[in-house]
Amino acid sequence: MSEPVLIRGMGLAGCLLGHALEARGIPVHIVDAAWLGAASPKAAGLMNPLAGRALKPAPEWDTFHTQARHSYRHLERKLERSFLFERTYWTLFRNPEEAAQWRGLLNDPERSCFLDQSVQNNATPLPLQDGCGGMAVVGGSQVHIAKLLDASRSYWTQKGCFETASLAPEAIQALPDGRWQWAKRSYRAVVCCGGAMDHNTPWWAFLGIRPNAGERLMLKLEEPRMPEAAEPPQGWPWVVRKAGLLAPMHLHTGQAPEDGDVATEQVQRNRVWWLGSANRWDTMDHHPTEAGRAQLHRMAKGMLRGAFGVLEHSVGIRATMPDRRPVVGPHPRLPNLWCFNGLGTKGSLWGPWHAEALAHALQQQIAAPGSGGATAVAEGPIPAQETPYRAPRPGAAPRLLEACLPARFWP
Ligand SMILES: Cc1cc2nc3c(=O)[nH]c(=O)nc-3n(C[C@H](O)[C@H](O)[C@H](O)COP(=O)(O)OP(=O)(O)OC[C@H]3O[C@@H](n4cnc5c(N)ncnc54)[C@H](O)[C@@H]3O)c2cc1C
């Protein structure tokens, strides 16, 4: 068997890249530190075409969402699990001004295609604070990331190509011919997918990744408005949005619900909702805070009329780039060392497209004659270790590490 690519970190980025490389016949070896602050297991996995208070369509939505749907459906077939669910985003208006602002959007062709006026206030199963009304955003979806990670981990563990360990840069040696070595095994390339943990890794400190901690609650709702029997088999297809987001979610048990206890699954399907998030910048502290809990409680009360119980309060730390775009490409000086990071708040949407782009670039690099890769990579300008990475002009593509890589990493 040919030498694998070493993937350092298996959150969503490392996971999607592993599958994209395998699909191209490139073997992988994945090592993950099981960091408790990882963002992926805590994420809601939402893909919303009209996100943010600015109500702007998500940039390049069609390209990213089409690829995301294709990739997640492909992984559902490969891993024989369901991860991707259609969602309607029910936006609750906070006041009459906001209601008027949204109604104005109905005349805007760029946005009106995502709005469905026919959906009524009482359509969702939840007892909501909906006195000012709301509007449905359609065409979005949700991926259950924790479930995808669990299934992928089992799959690669069975194949003998996953292990749990923390890979410090000094433990991995660059060989003179451009390959890499770790624990007496050699690799064609190393790809770092360490999320926020890489913000101060010497190799990548120059990128200026900012950690952004997000706290979430898993809520158990005591009084669903609809009888349980009315629930569709795939669970409620609703995400509710106001000051925060409320999304249906299986409580992550480390076990796929299909294999689990039927009674527990029933309760989870009907009653467990993800609520997020309360955010803090520039911290790697993955412990939940009192302030975060209080903020999340206020969000919940602003959205729900009924009682709720808190099943879990936890934190995930996102990796965010200064220009809020992913960072994907080779290291400017070290051959065959790559990164895939900066997925910020949109990993589910951006991850699949960027994983495909990166796998394609790696495949080309590996296939190139004399693919030690030293020449191809080292020719580009070399950012000084201490100079923070400067993002390109807004709207300009290609994004990030453009100096080092003659490939476009933004559609
Ligand atoms: C509360 C919250 C809500 C979110 N909601 C959404 C949402 O609705 N929609 C959406 O698209 N995105 C959402 N996100 C963002 C999403 O989670 C991220 O964009 C994405 O999961 C990032 O994936 P990642 O693989 O880059 O990083 P991570 O998930 O942080 O994974 C990094 C991995 O690298 C490993 N690692 C680090 N260093 C090493 C090392 N030295 N050796 C070995 N392994 C290492 C860690 O153990 C970890 O598993 C949310 C995030 C949070 C925190």
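The shown structure was predicted, so the numbers you read here are calculated from the model rather than taken from an experiment. (Residues numbered from 1 in each chain as written. Predicted model: local features only at pLDDT ≥ 70, side-chain atom pairs only at ≥ 80, totals over all residues. Heavy atoms only, no water.)

(A) Structural view of the site of the ligand. Taken together, 35 residues lie around the ligand, and D32, S40, L167, G344 and S348 are the ones closest in. Between a nitrogen atom of the ligand and a side-chain N or O atom of R8, the distance comes to 3.3 Å. At a separation of 3.0 Å, an oxygen atom of the ligand approaches a polar backbone atom of W35. Residue assignment for the shell around the ligand shows that the elements contributing at least two residues are helix 1 (12-23), strand 2 (28-32), strand 16 (308-320) and helix 8 (347-367). Tallied by class, residues from the shell around the ligand come to 18 nonpolar, 13 polar and four charged. Here the shell around the ligand spans two domains, since at least three of its residues come from each of domain 1 (5-40 + 147-210 + 323-378) and domain 2 (54-143 + 212-318). (Near = heavy atom within 4 Å. Polar contact = N/O pair within 3.5 Å; in protein donor to acceptor, adjacent residues only side chain to side chain. Helix = DSSP H or I, 4+ residues; strand = E, 2+ residues; numbered from the N terminus. Nonpolar A, V, L, I, M, F, W, Y, C, P; charged D, E, K, R; others polar. Domains from an automatic or database assignment.)

(B) Broad picture of the pattern of salt bridges. For the structure shown, the criterion picks out 16 salt bridges. A salt bridge links K78 to E22; its shortest N-O distance comes to 2.7 Å. Of this pair, K78 sits in helix 2 (residues 61-79) while E22 sits in helix 1, and the two are 56 residues apart along the sequence. Its relative accessible area of 26% is what places K78 among the partly exposed residues. For E22, a relative accessible area of 17% translates into the label buried. (Salt bridge = Lys/Arg side-chain N within 4 Å of Asp/Glu carboxyl O. Buried < 20%, exposed > 50% of the residue type's maximum accessible area, 1.4 Å probe, protein only.)

(C) Structural context of the side chain of R8. Topologically, R8 is positioned in strand 1 (residues 5-8). Residue classification places R8 among the buried positions, given a relative accessible area of 11%. Side-chain polar atoms of R8 contact the backbone oxygen of L167, separated by 2.8 Å. Setting aside anything within four residues of it in sequence, one finds R8 in contact with V31, L167, P169, I172, V191, C192, C193, G194, D198, T201 and W203. (Contact = heavy atoms within 4.5 Å.)

(D) Quick peek at helix 1. Under the 1.5 Å per step criterion, the end-to-end length of helix 1 is 17 Å for 12 residues, consistent within 8% with the ideal 16 Å. Most of helix 1 sits inside the fold, with 11 of its 12 residues counted as buried. All of the buried residues along helix 1 are L12, A13, G14, C15, L16, L17, G18, H19, A20, L21 and E22. Just past helix 1, the residue G25 takes up positive phi, approximately 80 degrees. (Expected span 1.5 Å × (residues − 1).)

(E) Representation of the pairing of strand 11 (residues 189-192) in the model. Side chains A189 and V191 of strand 11 all project onto a buried face; the interleaved residues V190 and C192 project onto the opposite face, where all are buried too. As defined by bridge partners, strand 1 adjoins strand 11 across four bridges and the pair is classed as parallel. Pairing of R8 across the sheet is with C192, part of strand 11. Pairing between strand 11 and strand 18 (residues 337-341): three bridges, direction parallel. Its bridge partner being in strand 18, V190 is matched across the sheet by L337. (Pairing = 2+ DSSP bridges.)

(F) Spotlight on the packing of aromatic side chains. A complete count under the given rule lists seven aromatic pairs for this structure. Where W180 meets W203, the ring centres are 5.8 Å apart and the plane angle is 75 degrees; that geometry is what we call edge-to-face. Of the two residues, W180 sits in strand 9 (residues 180-182) while W203 sits in the loop between strand 11 and strand 12 (210-221), which places them 23 residues apart along the sequence. A relative accessible area of 3% means that W180 is categorised as buried. Ring centres of W204 and F206 lie 6.5 Å apart, and the angle between their planes is 35 degrees; this geometry places the pair in the tilted category. With relative accessibility at 3%, the residue F206 sits in the buried group. (Phe/Tyr/Trp six-rings, centres within 6.5 Å; stacked < 30°, edge-to-face > 60°.)

(G) Summary view of the sheet that holds strand 9. The antiparallel open sheet is built from three strands, whose spatial order is 8-9-10. Each edge of the open sheet is held by one strand with a lone partner, namely strand 8 (173-174) and strand 10 (185-187). The sheet contact formed by strand 8 and strand 9 spans two bridges and is antiparallel. Counted as the bridge partner of A174 is W180 from strand 9.

(H) Representation of helix 3 (residues 96-105). Those residues of helix 3 that fall on the buried side of the exposure criterion are E98, A99, W102 and L105. Each buried residue of helix 3 sits inside an arc of 110 degrees when the element is viewed along its axis, so together they form one side. Facing away from the buried side of helix 3 by more than 90 degrees, the exposed set consists of P96 and E97. Against strand 4 (84-92), helix 4 (109-112), strand 5 (115-116), strand 6 (134-143) and strand 13 (238-241) lie the buried residues of helix 3. (Arc of directions from axis to C-beta.)

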